[in-house]
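Structure at a glance
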Amino acid sequence: MTYRPSTPQTAAPAGSDGPATDHPVRDWPVDDLPALTFDPLLYDVLHGERVARITLPFAGDRHEAWLVTRYQDVKTVTSDPRFSRAALAETTVTGMSGHRVASTAGLNYADPPCHSRLRKSVQKAFTGHAMKRLRPLAQETCDTFLDRMEAQGSPADLVEHLHAPMPLAVVCDLLGVPRAERDGLLGWGDIILSMTTPKAGNEAKAHVREFIVSLLRSRRGQPSDDLAGALAEALDAGDITEDEAVSLATAILVSGAHAVRYNTANMVFMLLTQPELTARLRREPEILPQAVDELIRHIPHRNGVGLPRIATEDVEVGGVLIRAGEAVYASYLAANRDPEVFEDPDTVDFDRQGTAHLSFGHGPHHCMGAMLSRLESEVMISTLLARYPKLRLAGDPQDTPFQSKGFIRGPKTLVVTW
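Residues numbered from 1 in each chain as written. Predicted model: local features only at pLDDT ≥ 70, side-chain atom pairs only at ≥ 80, totals over all residues. Heavy atoms only, no water.

A look at the sheet that holds strand S6 (residues 156-157)
The 3 strands are arranged S6-S12-S11 in an open sheet whose pairing can be described as antiparallel. Edge positions in the sheet fall to S6 and strand S11 (392-393), since each has one partner strand and no second. Looking at chain direction, S11 and strand S12 (residues 415-417) are connected through 2 bridges and run antiparallel. The residue bridging Arg392 from the neighbouring strand is Thr417, located in S12. (Pairing = 2+ DSSP bridges. Helix = DSSP H or I, 4+ residues; strand = E, 2+ residues; numbered from the N terminus.)

Shown next, in the form of structure tokens:
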């Protein structure tokens, strides 16, 4: 796979008739990459331009956008209030998909103080106390799914038996979805979080919305410690609207199940293809939390970039003037490989200390599910290593198929033997 940089040209600021810039515009098709290969365009920009001008597969009203890749620049764009997510709701920017993945009523398209209000309505479901409640449930779920896999026998597909069903079960426990109502939810999330047609994506979102609306209405007036209870309580108090509640629940359900599914499968794939890493975790199980964090930093867990922001006034970033009204993408993946911040950034180092990675974002939009994601990863990896001393891939690593045309990267199947 190769990217196709456009012929260097003088580019006018997106959506304006203002002065031209001298930045060449890079056409970034975000093609599928082999396994966990780091995106070559991100690598080139990180080590060269620092701030680049790009177009993505879907043009939108604004045909170009800026891309920032350095650690400090990414932190600036994602925390400076002059870069707005709310302004993004009013336009369509060159992007990876022909449909809006997230509802404009939710956190993704909000700025403080609206963002702070919405986040507060669900925050209690993600506290340390809540994670303590969920960890034994996650361990029980993991053990149950692995028991079923063992009953089927070796070899078996870990994605089918563990990485796909467990994150959905855990996020349903978080949300408070009854066990009898969980069938079918995983498939809709896969469609929403893929570079699919607008029709398919919108149909999938409609199905999930219908499910969430029914769940929340059934919980009104019934306080509980789970997320549906917290949202119902906020609805009853008038703190959020139904559209906002549905958007919050949908985002957490879909991304929580889908992203953790592939992220954890990526981790296990890497451990099984780099046996020295696995051997060290077996010798020193106490380092698992920091090892998981390093894997989260290192693994390119998504394709392309997430949602951009719109500059509300002229701002200089990385020596480049970004004008009011222009769209800016910030790459957390690239920031995690910034050689000015991380020593030997392309190497997995379980002893790495110091600067925090940005895999869960930065600023107001830092992922609320970070603790839950780490919890699930730790439970899965520790349980696999403890139960299966001879766990290994059943075939050649190059034969492991990875998801195609998805926002999140990861194995479609992970066949192992033990």
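As for the pairing of strand S3 (residues 51-55)
Looking along a regular strand, one sees side chains alternate from face to face of the sheet. Of all 5 residues making up S3, 5 are buried, and the element is well covered by its neighbours. What you see with S3 is no split at all: Val51, Arg53 and Thr55 on one side and Ala52 and Ile54 on the other are buried throughout. Sheet topology note: the strand S2 (residues 25-27)/S3 ladder contains 3 bridges and is parallel. The partner of Arg26 across the bridge, within S3, is Ile54. Each parallel crossover has a hand, and the one from S2 via helix H1 (residues 40-47) to S3 is right-handed. Here S3 pairs with strand S4 (residues 65-68) via 4 bridges, running antiparallel. Across the sheet, residue Ala52 finds its bridge partner in S4, namely Leu67. (Buried < 20%, exposed > 50% of the residue type's maximum accessible area, 1.4 Å probe, protein only. Right-handed = clockwise from strand over helix to strand, strands pointing away.)

What to know about the packing of helix H12 (residues 288-298) against helix H14 (residues 370-387)
Where H12 contacts H14, the axes come no closer than 10 Å and their chain directions differ by 115 degrees. By the angle class used here, H12 and H14 are roughly perpendicular. Taken as a pair, H12 and H14 cross one another with a handedness that is right-handed. Contacts from Leu288, Pro289, Val292, Asp293 and Ile296 in H12 reach Arg374, Ser377, Glu378, Ile381 and Ser382 in H14. Of the residues in the contact of H12 with H14, the class split is 5 nonpolar, 2 polar and 3 charged. (Axes fitted to C-alpha atoms, helices over the stretch in contact; angles between N-to-C directions. Parallel < 35°, antiparallel > 145°, perpendicular 65-115°, else oblique. Left-handed = near helix turned anticlockwise from the far one by under 90°. Contact = heavy atoms within 4.5 Å. Nonpolar A, V, L, I, M, F, W, Y, C, P; charged D, E, K, R; others polar.)

Focus: the pattern of salt bridges
Summed over the entire model, instances satisfying the criterion amount to 23 salt bridges. Residue Asp80 is joined to Arg82 by a salt bridge in which the shortest nitrogen-to-oxygen separation is 2.8 Å. For Asp226, the salt bridge is made with Arg219, and the minimal N-O distance between the two is 2.7 Å. Each of the two residues, Asp226 as well as Arg219, counts as buried. Each of Asp143, Asp147, Glu150 and Arg387 takes part in a single network of salt bridges with overlapping partners. (Salt bridge = Lys/Arg side-chain N within 4 Å of Asp/Glu carboxyl O.)

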